[in-house]
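The chain contents come next:
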Amino acid sequence: MGSLGTKHASCTAIPEAEGKAEFQPLNPEDVRAYLHKAVDFISDYYTNIKSMPVLPDVKPGYLQDELSSSPPIDSAPFDDTMKELRASVVPGMTHWASPNFFAFFPSTNSAAAIAGDLIASAMNTVGFTWQASPVATEMEVLALDWLAQLVRLPITFMNRTSTGRGTGGGVILGTTSEAMLVTLVAARDAALHRSGSAGVSDLPRLVVYATDQTHSTFFKVCRLAGFDPANFRSIPTGPETNYGLDPVKLLETMQADRDTGFVPTYVCATVGTTSSNAVDPVGAIADIATMFNVWVHVDAAYAGSACICPEFRHHLDGVERVDSISMSPHKWLLTCLDCTCLYVRDTHRLSGSLETNPEYLNNDATDSGKVTDLKDMQVGVGRRFRGLKLWMVMHTYGTSKLQEHIRKDVAMAKMFEDIVCSDDRFEVVVPRNFALVCFRIKASGAMTEEDADGANRVLMENVNKTGKAYLAHTVVGDKFVLRFAVGSSLQEERHVRNAWDLIKMTASSILD
Ligand SMILES: *Cc1c(COP(=O)(O)O)cnc(C)c1O
């Protein structure tokens, strides 16, 4: 303070006078320092992860016992935050990135994807309309069109074709559930519109179809979209179709519904079910759906990624006749959560149901009709710049490396399947389609099916308890089955072999 100042004048200079630095949460030097520490942490994490137990040994509520239950008033050095992260957060993690993780489906990742996500977080754009951040929309549309070409989706699903803009297109959402929800709503409105009655009075007549293997989120989303649970048709499957949908049953069910005054509206076909990787016949379903004007959605959350390899693409045969398809590169295409790619043949059917036009979002670009406003193809308005990481993955690795990655996982799964088959205490329960092996200790001799179920349950529990591998289970055809999902990004053949040795040893201790 200058000595010439009066007492009153000093008020304006208080902060500096007390030597307090101004709060600058985005100070570029702090950004550099914090992120370097975070990146070092991540790199060390990947180096050390293989020796960490896959499943944590913590009790519910453990974190509250370790960390302060109320937020601090004063700031603390970033190093303190990182110290607590190491000491208290990491021990509570299930290490999905561990090469010894074989549960559920892998959540694959890559350096390029993490970099893309990090940069998107830093840019922090909110690209609800094209105008709100042109490149966010343009990049998303470009990345989706690239991926469509990798999977050889028909041109009708692409945003841009050589002859310009078609009616098709895509959007990146957070989850498959959202992809189902937005397409269900569009199909619902189309069916209501066709029925000719006003408003939603016909809603109680609309019917949706899936199989008993379809992901449980489908019927949840149907409830969200207002469908009557009494109108959810869950078509039974069995070993005769390897748990894929039997088109004859679908046809009969739809006919019976129509004959009794119901309105068949939407069918969800799955390519690669979560339980056992069953594949529904997309083409046959599309043919039946056409007869009833039903919307067909293909859920290829996991297995869609395999279809970038020509040898798996036949699982999508007939996709040119469906209305929409979604796949999640965050499962098997090296792109971190969240990234579900939804493609629809007619984007206007989505935007017809989901469009909003508040005055404060009005802009010339939208008025020109030349741009896509992605807010009109999703539930929310705000959206992350997800296209960046997907583009960075495809740009950095190229189709050949991505195909190599899929093929390596499938080869490791095949190897595991072969070893299981060579041990006559075990059986492979359904034929392997991708990189998931469904197997179990089989009932033999005096052992009943129920005994075998019990033995498999104990086998899974004992294997998981070691922390050296993590597998999950399912029930297929009333049998308790172990799921061995290959494909965690750091996995190599030796991890698969080690897991088998552990399973074999554990089984011996149970069976002997
Ligand atoms: C993982 C999965 C889902 C669920 O996806 P969310 O993104 O969690 O909603 C749905 N269907 C299939 C086939 C899946 O594998």
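Residues numbered from 1 in each chain as written. Predicted model: local features only at pLDDT ≥ 70, side-chain atom pairs only at ≥ 80, totals over all residues.

In plain terms, the rule: UniProt positions are given in the numbering used here, feature names are shortened, and annotations may be inferred rather than shown by experiment.
Within an unreviewed UniProt entry, the label attached to the chain reads Aromatic-L-amino-acid decarboxylase, and the organism entered is Triticum urartu. Here the chain is described in UniProt, under the heading Sequence similarities (unreviewed entry), as follows: "Belongs to the group II decarboxylase family." Check the Cofactor (unreviewed entry) section of the UniProt entry for the chain; it says "pyridoxal 5'-phosphate".

1. Things to note about the packing of helix α9 (residues 247–259) against helix α10 (residues 282–292)
Pairs of packed helices are described in terms of their axes, by the angle between the two and the distance that separates them. For clarity, the threshold we go by: Every axis in this analysis is a line fitted to C-alpha atoms, fitted for helices over the stretch in contact. Angles between the N-to-C directions lie between 0 and 180 degrees. Per the convention used, a helix needs a DSSP run of H or I reaching at least four residues, while a strand needs a run of E reaching at least two, with both numbered from the N terminus. Throughout, the term roughly parallel applies to angles under 35 degrees, roughly antiparallel to angles over 145, roughly perpendicular to angles from 65 to 115, and oblique to all others. Helix crossings are classified by the rotation of the near helix relative to the far one: an anticlockwise turn of less than a right angle makes the crossing left-handed, while a clockwise turn makes it right-handed. Once C-beta atoms are placed from the backbone, any two residues with those atoms within 7 Å are in contact. Under the scheme applied here, ten amino acids are nonpolar (Ala, Val, Leu, Ile, Met, Phe, Trp, Tyr, Cys and Pro), four are charged (Asp, Glu, Lys and Arg), and all others, including Gly, are polar.
In the contact formed by α9 and α10, the axes pass within 10 Å of each other and the chain directions differ by 15 degrees. Considered as vectors, α9 and α10 are oriented roughly parallel to each other. Once α9 is placed against α10, the crossing between them reads as right-handed. Across from P247, L250, L251, M254 and R258 in α9, the residues of α10 making contact are A284, I285, I288 and F292. Here the contact of α9 with α10 is built from residues that sort into eight nonpolar, no polar and one charged.

2. Describing the UniProt feature "modified residue: N6-(pyridoxal phosphate)lysine" (unreviewed entry) in the chain
Feature annotation in UniProt assigns "modified residue: N6-(pyridoxal phosphate)lysine" (unreviewed entry) to the following positions: K331. Looking at the element boundaries, K331 is found in helix α11 (residues 329–332). Excluding its chain neighbours within four sequence positions, the residues that come into contact with K331 are F105, S107, T108, A301, Y302 and S305.

3. A closer look at helix α14 (residues 387–421)
Put simply, the rule is: By this rule the span expected of a helix is its residue count minus one, scaled by 1.5 Å. Throughout, bend refers to the angle between the axes fitted to the seven residues that end at a position and the seven residues that start at it.
The terminal C-alpha atoms of α14 lie 42 Å apart, and with 35 residues this falls more than 12% below the ideal 51 Å at 1.5 Å per residue. Most pronounced at G398, the bend in α14 amounts to some 95 degrees.

4. Observations regarding the nonpolar core
Quick note on the threshold: One nonpolar core equals one set of buried Ala, Val, Leu, Ile, Met, Phe, Trp, Tyr and Cys residues connected by C-beta atoms within 7 Å. Counting other C-beta atoms within 10 Å of a residue's own tells you its class, since 20 or more makes it buried, 12 or fewer makes it exposed, and anything in between is partly exposed; those C-beta atoms are placed from the backbone.
If you look at the biggest cluster of nonpolar residues, it comprises 130 residues, and the most contacted ones within it are F102, V267, I285 and V296. Per-element accounting of this core gives the leading share, 13 residues, to α14.

5. With respect to the environment of G318
Relative to the assigned elements, G318 resides in the loop between β7 (295–299) and β8 (324–327). Each C-alpha atom of the pair G318 and R258 lies 24 Å from the other, and the pair is 60 residues apart in sequence. Ignoring sequence-local partners within four residues, the contact set of G318 consists of V282, G283 and A286.

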